[in-house]
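Commentary on secondary and tertiary structure
The residues making up each chain are set out below.
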Amino acid sequence: MKKFIGYILLTLVVVSCGTESGQFRIKGRLRSFNQGEFYVYSPDGGLAGTDTIKVADGRFSYQTALEGEATFTIIFPNYTELVVFGKSGSTAEISGDASHLKEVEVKGNKANEEMTKFRLSVSEMTPPETKKAAEDFIRKNPNSIVSHHLLRKYFIATREPDYTKAYTLAKAMTEADKNDAKAVLLTKQLKNLANIKKGSALPYFSAKDINGKTVSRDNLKGKVNVIFAWAGWNYESTGIQRELRKKKKEVGDKLQIVGICIDADTARCKRTIRIDSVQWQTICDRQLWESPTVRQLAISTVPGNIVADDKGKIIAVNATKDKLKEIVDKQLKQEKKKK
C-alpha cells in the first residue's frame, strides 16, 4: 500500500512539474507589460492559424496539443516577433523585460536555449555579420530545428534572398539527416527555384480552389499575372493581399491573381478571404509546405509571389510589398503604351 501511495505521489510530482506528452506549454513573466495579449502562430504546422496568449499581472501561460517538434512565433503589440521552439511534453519559459525584447530569454529545451544564445550573441552585430553567424550555426548544427528557422530568416525570407547559399545549406542539412523531411522538401524547392526566375516560363500547375473549382496557369490571362502565397498567421502577407485587392479593383481583368494560402485550416482561410473581400481564386489544400502546388512553383516563403506577363514569362519572384506594387504598375503602363 505504501509503495502504491508513493507511486501516486511521484506521478503527481512529475505531472505538476512538467507537461504531459502530446502537449506543449509556453509560460512566462515579462516586466513592463502588465495586461494585454500576444498573438502566436506556427509557420510549420504546430498550430492551425493564429491563437491568442492572454497576459495578466505580467504573467502568461498557454498550452496546445503537439506531437514531435514545431516552431512557434509570438507577436508582441509592437509587431516584434519572438521565436519559441516547441517539443511534445516540454514547457518553454520566457523571462525578461518587454521594453528590451531582444534580451528576452527562452528556456525549457535545448533548441530554445540555443536560439536565445544565438539571438543574444548577434544583437550588436551588423547584418552581414549576423548572416555569417547564422551560416556558421547551421553548418555546426544541421539537425537542429533552430537551423531551419535561421535558414528561412536570413537566406530566404529576406529582402535580398540568397537562394544559392540557402540551397547549399539545406543540402548540407539533408545530408546530415536524410530522414529530415522538412530539409529534404526545402532542398527540392530551392533547387527548383533555379528554373523559376526572371525571364523563364511560368511552370504549369493545376489544383482545386477552396470552392472546389479548378485553378491553373490557364486562368492567368491578364496583362499582368500574380501568383501570391500568404497565410493567416503572417500579417505582412495579408497586408500585401489587401494591396493587391485594391489594385485589382482599380484595373480589373488587366491584372489576374491566384492566391495560395499556406494554412492548415480551410475555414480560417475562407474567413480571411471573406473579411478582406478577395474575389480571385485561392488554393488552400491544408498541406502547408508539402502542397503539390507549392512544390510545382517552388514557393519557399511567406509572403511569396511570382509575377508573369501575358505571354507567361516571369517578370519577378518574391518581390517585397513596395517592389511588387512598382513592378505591377510598370508592367501595366508598358502594356498600355503598346496599344
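As a reminder, the structure under discussion sits directly above these lines.
These notes cover the structure that comes with them. Model, not experiment: these values are computed from the prediction. Counting from 1, residues in each chain are numbered in the order their sequence is written. The predicted nature of this model means local features are confined to residues of pLDDT at least 70 and side-chain atom pairs, given and counted, to a pLDDT of 80 or more, with totals for whole chains, interfaces and linings taken over all residues. Excluded from the side-chain calculation are hydrogens and water; included are all heavy atoms of the structure.

1. Describing the overall build of the protein
- Numbering of helices and strands runs from the N terminus; a helix is a DSSP stretch of H or I covering at least four residues, while a strand is a stretch of E covering at least two. Counting secondary structure elements, the protein contains 10 helices and 15 strands.
- Note on method: radius of gyration uses C-alpha positions; expected globular size equals 2.2 Å times residues raised to 0.38. The C-alpha radius of gyration of the protein comes to 22 Å, within 12% of the 20 Å expected for a compact globule of 339 residues.
- By principal-axis analysis of the C-alpha atoms, the protein measures approximately 90 × 40 × 40 Å.
- Taking all 339 residues of the protein together, the buried fraction comes to 49%. Buried means the residue's accessible area, taken with a 1.4 Å probe over protein chains only, is under 20% of the maximum for its type, while exposed means over 50%, and partly exposed covers the values in between.

2. Some details on the environment of Asn141
- With respect to the secondary-structure elements, Asn141 resides in the loop between helix H3 (127–140) and helix H4 (145–156).
- Sequence-wise, Asn141 and Met173 are 32 residues apart; in three dimensions their C-alpha atoms are separated by 8.4 Å.
- For Asn141, the residues in contact, after removing those within four places along its chain, are Glu114 and Ser147. Contacts between residues were defined by any pair of non-hydrogen atoms, one from each residue, lying within 4.5 Å.

3. Description of the nonpolar core
- Ranked by internal contacts, the top residues of the largest apolar core, which has 53 residues, are Phe118, Leu150 and Leu151.
- Ranked by the residues each element gives to this core, the list is headed by H4, at seven residues.
- Non-local contacts of Leu151, meaning those with residues more than four positions away in its chain, are made with Ile138, Ile156, Ala166, Leu169, Ala170, Met173 and Leu186. For the purposes of this section, nonpolar cores are sets of buried Ala, Val, Leu, Ile, Met, Phe, Trp, Tyr and Cys residues that join through side-chain atoms within 4.5 Å.

4. A look at the packing of aromatic side chains
- Stacked, edge-to-face and tilted labels apply to pairs of Phe, Tyr and Trp rings (six-membered ring for Trp) whose centres lie within 6.5 Å, assigned for plane angles under 30 degrees, over 60, and everything in between, in that order. Here the structure, examined in full by the defined rule, presents eight aromatic pairs.
- Arranged with centres 4.7 Å apart and planes meeting at 65°, the rings of Phe38 and Phe76 form a pair that is edge-to-face. Taken as a pair, Phe38 in strand S2 (residues 36–41) and Phe76 in the loop between strand S5 (69–75) and strand S6 (81–87) lie far apart in primary sequence, 38 residues in all.
- Its relative accessible area of 1% is what places Phe38 among the buried residues.
- With a centroid separation of 6.3 Å and 65° between ring planes, the pair formed by Phe118 and Tyr154 is classed as edge-to-face. Separated by 36 residues along the polypeptide, Phe118 in helix H2 (residues 110–121) and Tyr154 in helix H4 bring together distant segments of the chain.
- Distance and angle both matter: a charge sits over a ring if NZ of Lys or CZ of Arg is within 6 Å of the ring centre and within 35 degrees of the ring normal. Looking at Lys153, its charged tip hangs above the ring of Tyr154, at a distance of 5.5 Å from the centre.

5. Considering the packing of H2 against H4
- Convention adopted: a line fitted to C-alpha atoms gives each axis, helices being fitted over their contacting stretch, and angles between N-to-C directions are expressed from 0 to 180 degrees. Contact pair H2 / H4: the axes reach a minimum separation of 9 Å and the direction vectors enclose 40°. By the criterion of interaxial angle, the relationship of H2 to H4 is oblique. Within the contact between the two elements, H2 uses Ala111, Glu114, Met115 and Phe118 and H4 uses Ile145, Val146, His149, Leu150 and Tyr154.
- Across the contact of H2 with H4, the residue classes break down as seven nonpolar, one polar and one charged. An angle counts as roughly parallel when it lies under 35 degrees, as roughly antiparallel when it exceeds 145, as roughly perpendicular when it falls between 65 and 115, and as oblique in every other case. Classification used: nonpolar for Ala, Val, Leu, Ile, Met, Phe, Trp, Tyr, Cys and Pro, charged for Asp, Glu, Lys and Arg, polar for all others including Gly.

6. Quick word on the pattern of salt bridges
- Any carboxyl oxygen of Asp or Glu that lies within 4 Å of a side-chain nitrogen of Lys or Arg is treated as forming a salt bridge with it. Enumeration according to the criterion identifies 15 salt bridges in this entry.
- Residues Arg268 and Asp265 are paired through a salt bridge, measuring 4.0 Å at the closest nitrogen-oxygen approach.
- Judged by its relative accessible area of 22%, Arg268 is partly exposed.

7. Section: the pairing of strand S4 (residues 59–65)
- Here S4 shows a buried face lined by Phe60, Tyr62 and Thr64 and an unburied face lined by Arg59, Ser61, Gln63 and Ala65.
- Pairing of strand S1 (residues 23–31) with S4 involves seven bridges; the strand directions are antiparallel. Within S4, the residue paired with Gly28 across the bridge is Phe60. Whether two strands pair comes down to DSSP finding at least two bridges between them.

8. Considering the layout of surface pockets
- Grid spacing is 1 Å over the protein atoms alone, the probe is 1.4 Å, and a cavity is where that probe fits but cannot get out, while a pocket is an open set with protein on both sides within 12 Å along at least five of seven lines and lining residues have an atom within 4 Å of a point. Grid points are joined across faces, edges and corners, and a volume is the space filled by probe spheres set on the points. Quantified by volume, the second largest pocket comes out at close to 470 Å³.
- Along its surface, the second largest pocket is lined by 18 residues, and Lys197, Lys198, Ile315, Ala316 and Val317 are the ones closest to its centre.
- Breaking the lining of the second largest pocket down by element, the ones donating at least two residues are helix H5 (163–176), strand S15 (314–317) and helix H10 (321–338).
- It is H10 that contributes the most residues to the lining of the second largest pocket, six residues altogether.

9. A word on the packing of H3 against H4
- Following both chains from N to C, one finds H3 and H4 inclined at 150°, their axes separated by 9 Å at the closest point. Here H3 is positioned roughly antiparallel relative to H4, judged by the angle of their axes. Considering only the axes of H3 and H4, their crossing is left-handed. Of the residues in H4, those touching H3 at Thr130, Lys131, Ala134, Glu135, Phe137 and Ile138 are Val146, Ser147, Leu150, Leu151, Tyr154 and Phe155.
- Partitioning the contact of H3 with H4 into residue classes produces eight nonpolar, two polar and two charged. For a crossing to be left-handed, the near helix must be turned anticlockwise from the far one by less than a right angle; the clockwise case is right-handed.

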